[in-house]
Each structure stands twice: as C-alpha cells, then as structure tokens.
Amino acid sequence: MVSPRSTLVFEAAMFWTNSCFRKFVALLIVSTWSARCLGRDSISANESLSDGETIVSMKNIFVLGFFSPGTSDYRYVGIWYNNLANRTIVWVANRDQPLLDASGVLLFDSSGNLVIAHGGRSFVVAYGLGAKDMKATILDSGNLVLSSMTNQSSYIWQSFDYPSDTWLPEMKIGLRTTNQSLTSWRSTDDPAMGEYTLGMDPVGLSQFFIWWRGHTFWTSGIWNGDMFSLIPELKYFTNIPIFFRCSNHTNDISCAYSANPSDRMTKIVLNSTGSLSIMQFDSQAQLWNLLWKQPSTCEVPNLCGAFGLCNNNAVPKCSCLRGFEPLNILAYPNGYTRDGCIRKIGLQCSSDQFLEMPNMRLPDHRRKLSLLDLRECKLACLGNCSCTAYAYSQLEGCSLWYVDLMNMQNDYDGDGAGTICLRLAHSELAFQGSSGHK
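Remember, it's a predicted structure, so these values are computed and weren't measured experimentally.

## What to know about the sheet that holds strand 22 (residues 266-270)
Taken in spatial order, the four strands of this open sheet run 14-22-23-24, and their pairing is antiparallel. A strand with exactly one partner marks an edge of an open sheet, and here the two such strands are strand 14 (166-167) and strand 24 (287-294). As paired elements, strand 23 (residues 276-282) and strand 24 share seven bridges and run antiparallel to each other. Of the residues in strand 24, the one forming a bridge with Asp282 is Leu287.

Next up, the structure:
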C-alpha cells in the first residue's frame, strides 16, 4: 500500500522539470532509502539541505546528502554515485563528527562557512573566507566546490583538496598547499579516520606510499614520465583502464589520472585493511569490477603482526602460529591482522619444548652465536627464558630470537628460507606426540 505522504510527493514531482522527474523515479527504483530531490545541484547562502534531502550534479552522476554507512545508525554528510542500487560513498564531510540522529542541516552560517548544524551546535565543513554570497555546488566529477555567486568559476574551497578514502578521476593526490592524501575508513561501518594513509613521497619524489600508523606499508614505482611507471602491471591490460599524469613543480608535486573510457565510473580506493584497489563499474552487470589491488602479498612488512603466519596461497593470508591466538579475536578474521597474536599458554622456561617449522621465511632481528652444532644452539635458547625461537644451518650457524617474531611466512622458497624452532609451553605440545618436537 502506498502511503499518503508518498502519493503527495509523487504528485508534486509531476510539476518538476523532466530532468528532476527522472532523478526522482530512479531513486524510487534503485534506492533503499528515502530522499527528496531538490531539483538543483547547489545550495546558496539563503538555502539549506536537511536530512532526507539531496542535491544532484548536473548530469545526474553524483549525489550530496545525509547517509548512514552499513549497519551504523549515525548520520553523515557525504557524496555518492547516483542511481546505483548499492550506495557507493566517495567522500564524507564529517567522518570524525557523526550525528546521532536525522535532525542535521547543511547550510551557510553568517560568516559564509558551510556548516552542519545539529542540536544547537555546528561543524564547519568548509570555510568561505568571509564571503557572504556563497554557493556550494556538486559537480559531475564528484567534486563539491564553494564559490562566490559573483565569480562562480573560481573555487574558494573544493572537496577534491580534502579526500576521504576514494581517489576519483582528475583529483590530485600529492604535495600541494593542502597535502592531499587518502585516509582509509576505520571499518566498513565507520568512515572515521582509519590507520592507513596513501600519499606522495614527502621527500618530493613522484612516488606513492601507503603508511600504517606512520610506518611504510607499500610503495609504488617512481614516476619517470611513462604512464606505467607508477603501476607497471597496468601495461598488461588489453584495455588500459586509467592513464596517470604527474607534475613535479615546486608548488605542485602531484599526480592525477583519467579513466578509460572517460565516461566509465572509475575509482581508486584505500580500504580499511590498507589495500589500494582500482575499480570500474560494469553498467550491464551492475557491479564494480576489481582491476588491480595492492599490497596483497606476504612481502608486505608486518602484514600478520607479531607471531602471525603468512601464506600467499591461503585465504585469508594470515593466521596465528601454533600455540597462539589473535590479540583482537573479533577483528583478526576480518582482515585486521596487524595487531598480531598472543600465546595461549605462557612459557614455563626450563620445561618448554620447540616446534620445528620447515620452509619458513626466517623473521627479522636474529642474534647469531658461534656454536658448533644444532644441540648447542637448542640448549642456548632453552637456557634463556627470553629466547622465543632458534634456527641452525651449516651455512648460517646458530640464530636466536629474543623478541616477538615478525614477518613469518611458510611454504617459502626465496632467499633466507629455513627451519625455525618455535618455543612453546610443554603443555601446548603434550598431546601431539613427538612429531615436530625439537
């Protein structure tokens, strides 16, 4: 049964322009939320946008409005693609300042700043620099821009200078006055600032880094003028999906890209687990195709955390070593593995035993000892309660570890592969027979 309110809205829509009528019908068909199209692409100084209302770009490509991500009840102001069954957010205005209910309003304050007003308080989205005749417009590029009504071609502020987790075509990432970078969402239900950041090399080279809590997580190639130098894998595509271009001027060290074909919806996203993905939308199948994703291998430093084990052939790639369990039990199975693992049973020192693990990439921070044989190496580790593992080979001699084991990888056949003996409490191995004990 159609509600009286829905009937009134539909009848009112018949008086709108044909363009806005098409927007309205599309939203009724593909949306699972209720939003009222205002029939315009901008908000001026004497107008406002309430929760439940939207503005749509000129060619109906992007929408600006209020939304709740995933299973969250919090409300945010964001930008998403229009007319897609599954809402795809590309920018969030108040990612660290969620609203508790649907009473928020987006408007200009008396100083010309674009603000979200809620419960007698306001959050500044963009500063208008004192201009009183302001206008906020959502463009077909997905860029929200502020301009003066008397000079609309000159932008006072633009959302492309303050990205969230999504890099859109023609958006610049780099070292400019605003130092544009992507920052991941905290989770799929929480757009707050996450732990991963994509940005330009601070040294000034045209090269991209992903950082995890300030530590290098992944690096791209270095731009040398070749459009494949940042991401060499793109050269193997039959149809190249994107074309990069970079500048290395004093005041503008940045890169942007164009989609191929230019009218295909394309995005580069830094997700909440640190992966950077290139995706294009298939309009026939109505889904996003994943074209490229990095980093996705065990070569990523500390991918599985302390006492985590990585396997490139496994899904998921990370698991805890025998005798260990995730530090964050809820997050680890969902890809948030960098907090690592902790022991199930504490070490007992003199009664501890060792689990032999062959074909391993040996962890960092070993301490080498000049000992004659395997037995002496084992006793050296067993005699020090702080020793967590040992390894012995004719070529490398005796290696001991006194710290959390990091960057462990099994089924490894690269340089540095070997057998490591992991120290575990006797009770952890008591019911497993003698196999694997050292």
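Alright, that's what it looks like, and here's the rest.
## Regarding the sheet that holds strand 9 (residues 114-118)
Read across the sheet, four strands follow the order 3-8-9-10 without closing on themselves; strand pairing throughout is antiparallel. Only two strands of the sheet have a single neighbouring strand rather than two, namely strand 3 (48-50) and strand 10 (121-126). Adjacent strand axes in the sheet meet at a mean angle of 25°, parallel and antiparallel pairs treated alike. As paired strands, strand 3 and strand 8 (residues 105-108) are joined by three bridges and run antiparallel to one another. Looking at strand 8, one finds that Ser48 is bridged to Leu107.

## Observations concerning the pattern of salt bridges
The full count for this structure, using the stated rule, is eight salt bridges. Here Asp51 ties to Arg75 by a salt bridge, and the two come within 2.7 Å at their closest N and O atoms. Linking Asp51 in the loop between strand 3 and strand 4 (53-56) with Arg75 in the loop between strand 5 (62-67) and strand 6 (76-81), this pair joins segments that are 24 residues apart in sequence. The residues Asp51 and Arg75 share a single accessibility class, namely buried. What emerges from the salt-bridge pattern is a single network uniting Glu195, Arg213 and Asp339.

## Structural notes on the state of the cysteines
Tallying each qualifying case throughout the model produces seven disulfides. Residue pairing for Cys304: its cysteine sulfur links by disulfide to Cys318, the two sulfurs lying 1.9 Å apart. Taking the sign of the torsion about the S-S bond as the criterion, the disulfide between Cys304 and Cys318, at about -80°, is left-handed. Placement of the pair is Cys304 in the loop between strand 24 and strand 25 (308-310) and Cys318 in strand 26 (residues 318-320), with a sequence separation of 14 residues. In this model, Cys381 is linked to Cys387 through a disulfide, with the two sulfur atoms separated by 2.0 Å. Disulfide Cys381-Cys387: the torsion about the S-S bond is -100°, which places it as left-handed. We classify Cys387 as buried; its relative accessible area is 0%. Cysteine Cys421 shares no disulfide, and the gap to the nearest cysteine sulfur, in Cys377, comes to 8.2 Å.

## Focus on the packing of aromatic side chains
If you walk through the whole model with that rule in mind, you get 16 aromatic pairs. In this structure an aromatic cluster arises from ring pairing among Phe62, Tyr81, Phe281 and Trp288. Cation over ring: Arg343 sits above Phe307, and NZ or CZ is 5.6 Å from the ring centre. We note Arg361 situated over the ring of Tyr412; from NZ or CZ to the ring centre the distance is 5.7 Å.

Cut-off values and rules
- Residues numbered from 1 in each chain as written.
- Predicted model: local features only at pLDDT ≥ 70, side-chain atom pairs only at ≥ 80, totals over all residues.
- Heavy atoms only, no water.
- Pairing = 2+ DSSP bridges.
- Helix = DSSP H or I, 4+ residues; strand = E, 2+ residues; numbered from the N terminus.
- Axes fitted to C-alpha atoms, helices over the stretch in contact; angles between N-to-C directions.
- Salt bridge = Lys/Arg side-chain N within 4 Å of Asp/Glu carboxyl O.
- Buried < 20%, exposed > 50% of the residue type's maximum accessible area, 1.4 Å probe, protein only.
- Disulfide = S-S within 2.5 Å.
- Phe/Tyr/Trp six-rings, centres within 6.5 Å; stacked < 30°, edge-to-face > 60°.
- Lys NZ or Arg CZ within 6 Å of the ring centre and 35° of its normal.

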